[in-house]
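# Analysis of the macromolecular model
Single-letter residue listing:
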Amino acid sequence: MIKKFNLKLILLECFALIFIISGLKRLYVAYNGRLFDALMNDDWEKFKSLTDVRIGQFFADQAYWTLASLIIGILAVGLVNWKYKFGIINSIVVLILTFGISATGIYSSGIINRYLNYFCGFFAKGYGMAFLIGGLIILLTGITMMWKTITMNKKHSTQQRL
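Residues numbered from 1 in each chain as written. Predicted model: local features only at pLDDT ≥ 70, side-chain atom pairs only at ≥ 80, totals over all residues. Heavy atoms only, no water.

Below, the discussion takes up a nonpolar patch on the surface. Side chains of Phe5, Leu7, Leu11, Phe15, Ile89 and Leu97 sit close together on the surface and give an oily, nonpolar patch of about 500 Å² of accessible area. Elements with a contribution of two residues or more to the nonpolar patch: α1 (7-31) and α5 (88-104). Looking at the element boundaries, leucine 97 is found in helix α5. (Patch = residues over 30% accessible without salt bridge, like charges linked within 9 Å, V, L, I, M, F, W, Y side chains within 5 Å. Areas by Shrake-Rupley, 256 points an atom, 1.4 Å probe, with all protein chains shown as cover. Salt bridge = Lys/Arg side-chain N within 4 Å of Asp/Glu carboxyl O. Helix = DSSP H or I, 4+ residues; strand = E, 2+ residues; numbered from the N terminus.)

Structure representation (structure tokens):
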């Protein structure tokens, strides 16, 4: 049934998902780096020559990609919590917090994002390679945090059985 509400675990899972989603968004930009370069330089002809997708559809695809990764991440957290019989309340709180934070777009802007863009700019001239490096750093950070939540779930689960 519903076990104890664990705020530390909820926050760690929420931050892990935010890092994973942010990393995946950066990898999407890296994959479409030439298109983003053309858009940032206001080179509409180059954008049209690279793809037959309209600009609105291009950004809608990015939003769909983000939403799909968010849903898959929430399902993964729910399965981990269910596997260790931690309770559905934690998964619901993670869902609400992650959707709320994701809707604000706060992790897409800010000082950390600015410094990461500056750091990754040393290694690449275009958006593609810079966002690939930044996306991998953020994604690996999120995966590490998620691994920590899984070990915390295991530890908490074994303590409850004793």
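Still more to cover.
Attention now goes to helix α2 (residues 33-40). Most of α2 is tucked away, with six of its eight residues classed as buried. Here α2 has its buried residues at Gly33, Leu35, Phe36, Asp37, Ala38 and Leu39. Directly beyond the C-terminal end of α2, a positive phi value near 55 degrees is found at aspartate 42. (Buried < 20%, exposed > 50% of the residue type's maximum accessible area, 1.4 Å probe, protein only.)

Moving on to the packing of helix α4 (residues 55-83) against α5. Contact geometry for α4 and α5: axes closest at 9 Å, N-to-C directions at 160 degrees. With respect to α5, the element α4 is oriented roughly antiparallel. In the packing of α4 onto α5, the handedness of the crossing is right-handed. Here Leu67, Leu70, Ile71, Ile74, Val77, Gly78 and Asn81 of α4 come into contact with α5, specifically with Asn90, Ser91, Val94, Leu95, Thr98, Phe99 and Ser102. Of the residues belonging to the contact of α4 with α5, the class tally is eight nonpolar, six polar and no charged. (Axes fitted to C-alpha atoms, helices over the stretch in contact; angles between N-to-C directions. Parallel < 35°, antiparallel > 145°, perpendicular 65-115°, else oblique. Left-handed = near helix turned anticlockwise from the far one by under 90°. Contact = heavy atoms within 4.5 Å. Nonpolar A, V, L, I, M, F, W, Y, C, P; charged D, E, K, R; others polar.)

Before going further, it helps to examine the packing of α2 against α4. At a closest axis distance of 13 Å, the pairing of α2 and α4 adopts a crossing angle of 130 degrees. Put simply, α2 runs oblique to α4. The hand of the α2/α4 crossing is left-handed. For the pair α2 and α4, contact is made by Leu35, Phe36 and Leu39 and by Ile55, Phe58, Phe59 and Gln62, respectively. By residue class, the composition of the contact of α2 with α4 is six nonpolar, one polar and no charged.

Here we come to the packing of aromatic side chains. Per the stated rule, a full pass over the model turns up three aromatic pairs. Between tyrosine 28 and tryptophan 65 the ring centres are 5.3 Å apart and the planes differ by 45 degrees, which places this aromatic pair in the tilted class. Of this pair, tyrosine 28 sits in helix α1 while tryptophan 65 sits in helix α4; the two residues are 37 residues apart in sequence, bridging distant segments of the chain. On the basis of an interplanar angle of 65 degrees and a centroid distance of 5.5 Å, the ring pair of phenylalanine 58 and phenylalanine 59 is categorised as edge-to-face. A residue is classified by how much of its surface remains accessible, and phenylalanine 58, at 4% relative accessible area, is buried. When its relative accessible area of 38% is taken as the criterion, phenylalanine 59 is described as partly exposed. Taken together, the aromatic side chains of Tyr28, Phe58, Phe59 and Trp65 make up a single cluster linked through ring pairs. (Phe/Tyr/Trp six-rings, centres within 6.5 Å; stacked < 30°, edge-to-face > 60°.)

Our focus in this paragraph is the nonpolar core. Formed by 14 residues in total, the largest nonpolar core has its most connected members in Leu17, Val77, Val94 and Met146. Breaking this core down by element, the ones donating at least two residues are α1, α4 and α7 (127-161). The element best represented in this core is α1, accounting for seven residues. Once you skip the residues sitting within four places of it in the chain, leucine 17 turns out to touch Gly73, Ile74, Val77, Val94, Thr98 and Met146. Counting residues in hydrophobic clusters, the runner-up holds ten residues, among them Tyr28, Val29, Ala38 and Phe131. (Core = buried A, V, L, I, M, F, W, Y, C linked by side-chain atoms within 4.5 Å.)

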